[in-house]
Amino acid sequence: MNVSDIIIAGDTPGIEWRLPVFRFKGTKPGAPQAYIQAALHANELPGTALLHFLLEKLRQAESEGRILGDITVVPQANPIGAAQLHFGELQGRFDLGTRTNFNRDFPLIALGERPGLVENIDRHTAADRLKRHLLSMALGAELVLDLHCDDEGLQYAYIDEVFWPEAADLAAALDMQAVFLSDGESSAFEEAVAHAWKHEGAGERRTSLPRRLSVTVELRGTRDVYPELAHRDAEGLFRFLIGRGVIAADRQPLPAFGGVVAPLDNIEMIRAPEAGAILFHRGIGERVKEGELLATIIARPGMVDGAIDIRSPQDGLIVTRVSTRFARRHSDLMKIACAEASRAARKPGTLEA
């Protein structure tokens, strides 16, 4: 195992960031290469815990000569966000300097343009330099996993339709309860990787990418950072790497994925009609029917008409819920995966900012 640091100079004098990168060299030419990162949103730590235990397993596998394909692991992919502690809260989702989401605005390039990502890199901001380094490393692999988590949520993933159903092996290995099939229309990290693969040559757009995978894995909620969960998820991810031929071992057949599969158009984003205190009536993992009471917003406490009930627009599975108990007008409350398309208007791309 080789451990190195990528140095990212700050945008003000006297500051620099260090990005630790763990690399394992494969022994079998042509074996799939894997790139795995966590905590791109720096306050989402279940993936960091998972990778701590996965690295233990990879070191053991390396000592036994079982690493077939190159593996690159970045357990804390965002040192810039990890330093943004304000008033006791880690602000790891948005860059306070540029006000952009750390998981948006990745360069959308053709695969052949990869060398240009890090050429003359000093002319970019620190956040953009970070994104360019991460994307450049990922484009050297065939299997790319970006580990995130939701606020409160089930185990699920965003997977570009081009990788489905082949990616069901990952969903099964990590015991996911839902898969959201994305449309590949955003500048998030996993979609920027897929974009480069789809546009491998000038004027080319591939619609099939066999044996490749670029995915955002949502490892439950931000508070689900426990040793037993991290160990279990690391074991699942290790089984996935074995199944894809990155690590040598006797392959144990994975169970068939039996969770919910829903395109993004079938995700009901439940939002608050007014500001106020949130009273949830239903929780994550519950199945609801159209018209069932999901939450009440106490918008005008003490007034006869001060409470507003929010009901499910259709049948579905509650996949996520916010942990806060105060809502601004139109703020997100829940995601519900449904069998039919939502009647609410949705722009192409990601569900949230």
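Look above for the structure.
Quantities reported herein were computed from a predicted structural model and do not represent experimental measurements.

### Here we look at the overall build of the protein
Part 1 of the reasoning: Looking only at helices and strands, one finds six helices and 20 strands in the protein.
Part 2 of the reasoning: Taking 2.2 N^0.38 as the reference for a compact globule, 353 residues should give roughly 20 Å; the C-alpha atoms of the protein span a radius of gyration of 21 Å, in line with that estimate.
Part 3 of the reasoning: The C-alpha extent of the protein, read off along each of the three principal axes, is 70 × 55 × 45 Å.
Part 4 of the reasoning: Split into buried and exposed, the 353 residues of the protein put 53% on the buried side.
Part 5 of the reasoning: In the protein, once contacts between residues fewer than 6 apart in sequence are set aside, the share between residues at least 24 apart is 72%.
Part 6 of the reasoning: Each charge sign in the protein was given a centre, from 40 positive and 49 negative side chains, and these centres are 0 Å apart.

### What to know about the nonpolar core
Part 1 of the reasoning: One finds Leu58, Leu170 and Ile247 to be the most contacted residues of the largest nonpolar core, which totals 80 residues.
Part 2 of the reasoning: With sequence-adjacent residues up to four places away left out, Leu170 is seen in contact with Leu145, Met176, Leu213, Val215, Val217, Leu237 and Phe240.
Part 3 of the reasoning: Counting 18 residues, the second-largest nonpolar core is a separate cluster that includes Ala272, Ile278, Val322 and Ile336.

### Side note on the side chain of Thr48
Part 1 of the reasoning: If you trace the backbone, Thr48 turns up in helix α1 (residues 46-63).
Part 2 of the reasoning: At 2.9 Å, the side chain of Thr48 and the backbone oxygen of Pro75 are in polar contact.

### Quick word on α1
Helical periodicity: at 3.6 residues per turn, an α-helix aligns residues three or four positions apart in one direction.
Part 1 of the reasoning: End to end, α1 covers 26 Å across 18 residues, agreeing with the expected 26 Å (1.5 Å per residue, within 8%).
Part 2 of the reasoning: Listed as buried for α1 are Pro46, Gly47, Thr48, Ala49, Leu50, Leu51, Phe53, Leu54, Leu55, Leu58 and Ala61.
Part 3 of the reasoning: Its buried side turned inward, α1 meets β2 (16-24), β3 (34-38), β4 (71-74), β7 (143-150), β11 (213-221) and α6 (227-243).

### Some points on the sheet that holds strand β10 (residues 178-182)
Part 1 of the reasoning: Taken in spatial order, the nine strands line up as β1-β2-β4-β3-β7-β11-β9-β10-β12 in an open sheet, and their pairing is mixed. Either end of the sheet is taken by a strand with one partner, and the two such strands are β1 (2-9) and β12 (260-263). When strand polarity is set aside, the average angle formed by the axes of neighbouring strands in this sheet is 20°.
Part 2 of the reasoning: The strands that helix α3 (residues 126-138) touches are β1, β2, β3, β4 and β7; relative to β1, the one it contacts most, it runs at about 150°.
Part 3 of the reasoning: Each of β3, β7, β9 (155-160) and β11 touches α6; the most contacted strand, β11, lies at about 165° to it.

### Concerning the pairing of β1
Part 1 of the reasoning: Strand direction decides the pairing type here: β1 and β2, joined by eight bridges, are antiparallel. Looking at the pairing, Asp5 lines up with Pro20 of β2.
Part 2 of the reasoning: Hairpin remark: β1 followed by β2, antiparallel, with six residues in the connecting loop; positive phi at Gly14, about 85°.

### Re the packing of α3 against helix α5 (residues 189-198)
Part 1 of the reasoning: The contact between α3 and α5 brings their axes to 10 Å, and the two run at 50°. Put simply, α3 runs oblique to α5. In the packing of α3 onto α5, the handedness of the crossing is right-handed. Residues Leu134, Leu135 and Ala138 of α3 lie in contact with α5, whose contacting residues are Phe189, Ala192 and Val193.
Part 2 of the reasoning: Each residue belonging to the contact of α3 with α5 can be placed in one class, and the counts come to six nonpolar, no polar and no charged.

What counts, and where the lines are drawn
- Residues numbered from 1 in each chain as written.
- Predicted model: local features only at pLDDT ≥ 70, side-chain atom pairs only at ≥ 80, totals over all residues.
- Heavy atoms only, no water.
- Helix = DSSP H or I, 4+ residues; strand = E, 2+ residues; numbered from the N terminus.
- Rg over C-alpha atoms; globule rule 2.2 N^0.38 Å.
- Buried < 20%, exposed > 50% of the residue type's maximum accessible area, 1.4 Å probe, protein only.
- Contact = heavy atoms within 4.5 Å.
- Lys, Arg positive; Asp, Glu negative; His and termini not counted.
- Charge placed at Lys NZ, Arg CZ, Asp CG, Glu CD.
- Core = buried A, V, L, I, M, F, W, Y, C linked by side-chain atoms within 4.5 Å.
- Polar contact = N/O pair within 3.5 Å; in protein donor to acceptor, adjacent residues only side chain to side chain.
- Expected span 1.5 Å × (residues − 1).
- Pairing = 2+ DSSP bridges.
- Axes fitted to C-alpha atoms, helices over the stretch in contact; angles between N-to-C directions.
- Parallel < 35°, antiparallel > 145°, perpendicular 65-115°, else oblique.
- Left-handed = near helix turned anticlockwise from the far one by under 90°.
- Nonpolar A, V, L, I, M, F, W, Y, C, P; charged D, E, K, R; others polar.

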